[in-house]
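Chain and residue survey
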Amino acid sequence: MFADASEWFADQITDWLAVKCQYSRGGSKREIDAVFGSTSFEIDDDDGGRITSSAVDVIVKSAQIAGLFYQPVVGDRVTTADGRVFEVLELGAAGHWRYCDAHANLMRIHLRLIDKT
């Protein structure tokens, strides 16, 4: 029952909030439905200070990535229809992606903007 509800929720998010993007690694590409958001994070610097920042995120159906690439890798790219190019970003101990739900229907991928046309 919860697995069905989780899948329904994933469908609703991507059906109503997502924009079409292109996910690429090397020469391989796939169209994905991405919901853009952000994540705040903290990183300790070499002097013992703490730096607080934020990263762009996309939430996508796991099956859209897993079907071609298995899991996101640092350096993969997401390109929007308006020409913005984002790259998968490592966020220290937080990693560069995580599942959003207990049933792994959605994944959150951390990005940084590297180019805009």
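Residues numbered from 1 in each chain as written. Predicted model: local features only at pLDDT ≥ 70, side-chain atom pairs only at ≥ 80, totals over all residues. Heavy atoms only, no water.

Quick look at the nonpolar core now. In this structure, Y23, I32, V60, I65, I109 and L111 are the most contacted members of the largest nonpolar core, which totals 15 residues. Mapped onto this core, the elements with two or more residues apiece are β1 (19–25), β2 (28–44), β3 (50–61), α2 (62–69), β5 (85–88) and β7 (106–115). If one sorts the elements of this core by residue count, β7 sits on top with 3 residues. Those residues in contact with I32 that lie beyond four places of it in its chain are V19, K20, C21, Y23, V60, Q64 and I65. (Core = buried A, V, L, I, M, F, W, Y, C linked by side-chain atoms within 4.5 Å. Buried < 20%, exposed > 50% of the residue type's maximum accessible area, 1.4 Å probe, protein only. Helix = DSSP H or I, 4+ residues; strand = E, 2+ residues; numbered from the N terminus. Contact = heavy atoms within 4.5 Å.)

Within this structure, the stated rule accounts for 7 salt bridges. For D33, the salt bridge identified is with K20, shortest N-O distance 2.6 Å. In this pair, D33 sits in strand β2 while K20 sits in strand β1, placing the two residues 13 residues apart along the sequence. Here D82 ties to R84 by a salt bridge, and the two come within 3.2 Å at their closest N and O atoms. Each of K20, E31 and D33 takes part in salt bridges that share partners, so that together they form one network. (Salt bridge = Lys/Arg side-chain N within 4 Å of Asp/Glu carboxyl O.)

For the rest of this paragraph, the subject is the side chain of D76. Mapped onto the elements, D76 comes out in the loop between α2 and β4 (77–80). Side chain to side chain, D76 and R25 meet in a polar contact 2.7 Å long. Apart from the residues within four sequence positions on either side, D76 is in contact with Y23, S24, R25, Q71, F86, E87 and V88. (Polar contact = N/O pair within 3.5 Å; in protein donor to acceptor, adjacent residues only side chain to side chain.)

Glancing now at the packing of aromatic side chains. Counted by the stated rule, this structure contains 2 aromatic pairs. Centre to centre, the rings of F36 and F86 are 5.5 Å apart; their planes meet at 50°, and the pair counts as tilted. Highlighted residues: F36 in strand β2 and F86 in strand β5, separated in sequence by 50 residues. The buried category is assigned to F86, whose relative accessible area is 3%. Judged by centre distance (4.8 Å) and plane angle (90°), the ring pair of W97 and Y99 falls under edge-to-face. (Phe/Tyr/Trp six-rings, centres within 6.5 Å; stacked < 30°, edge-to-face > 60°.)

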